[in-house]
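# Residue-level structural notes
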Amino acid sequence: MTLRSTVNYNTVRNLKVGEHKLTVTQVKSLIGANPKHRETVRSLGLKRIGHTVVRDADAVTVGMLNSVKHLVKAEEAN
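The notes below deal with the structure included here. (Residues numbered from 1 in each chain as written. Predicted model: local features only at pLDDT ≥ 70, side-chain atom pairs only at ≥ 80, totals over all residues. Heavy atoms only, no water.)

Taken together, three strands build an open sheet; the order of strands is β2-β1-β3 and the sheet is antiparallel. In the strand order of this sheet, the two ends are held by β2 (52–56) and β3 (72–76), each with one partner. Here the average twist between neighbouring strands, direction ignored, is 25°. Where strand β1 (residues 21–26) lies against β2, five bridges are found, and the strand directions are antiparallel. In the sheet register, Leu 22 faces β2, and the bridge partner there is Arg 55. (Pairing = 2+ DSSP bridges. Helix = DSSP H or I, 4+ residues; strand = E, 2+ residues; numbered from the N terminus. Axes fitted to C-alpha atoms, helices over the stretch in contact; angles between N-to-C directions.)

Okay, structure coming up:
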């Protein structure tokens, strides 16, 4: 018997590349994370848990967010 846990990622799965801005917040620690994921979070400009940055929703940013969606939360900026 296999139990499936539902994983609720904080990042919207269908982030679209566009003219809007994204608010990105680090929600999990980088301790023990894959080194590539660690560098991706740092290149997004995040420094600690709870730190928030506003980035353009270009192809590079959306790709980075999709690779570290378990460490960050992304929302459209108002």
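So, next bit.
Our focus in this paragraph is the pattern of salt bridges. The tally for this structure, following the rule as stated, stands at one salt bridge. Across the pair Lys 21 and Asp 56 runs a salt bridge, and its minimum N-O distance is 2.7 Å. Residue Lys 21 is located in strand β1, and its partner Asp 56 is located in strand β2; the two are separated by 35 residues in the primary sequence. For Lys 21, a relative accessible area of 40% corresponds to the partly exposed category. Looking at Asp 56, the relative accessible area reads 42%, which means it is partly exposed. (Salt bridge = Lys/Arg side-chain N within 4 Å of Asp/Glu carboxyl O. Buried < 20%, exposed > 50% of the residue type's maximum accessible area, 1.4 Å probe, protein only.)

The analysis is restricted to geometry; functional conclusions fall outside its scope.
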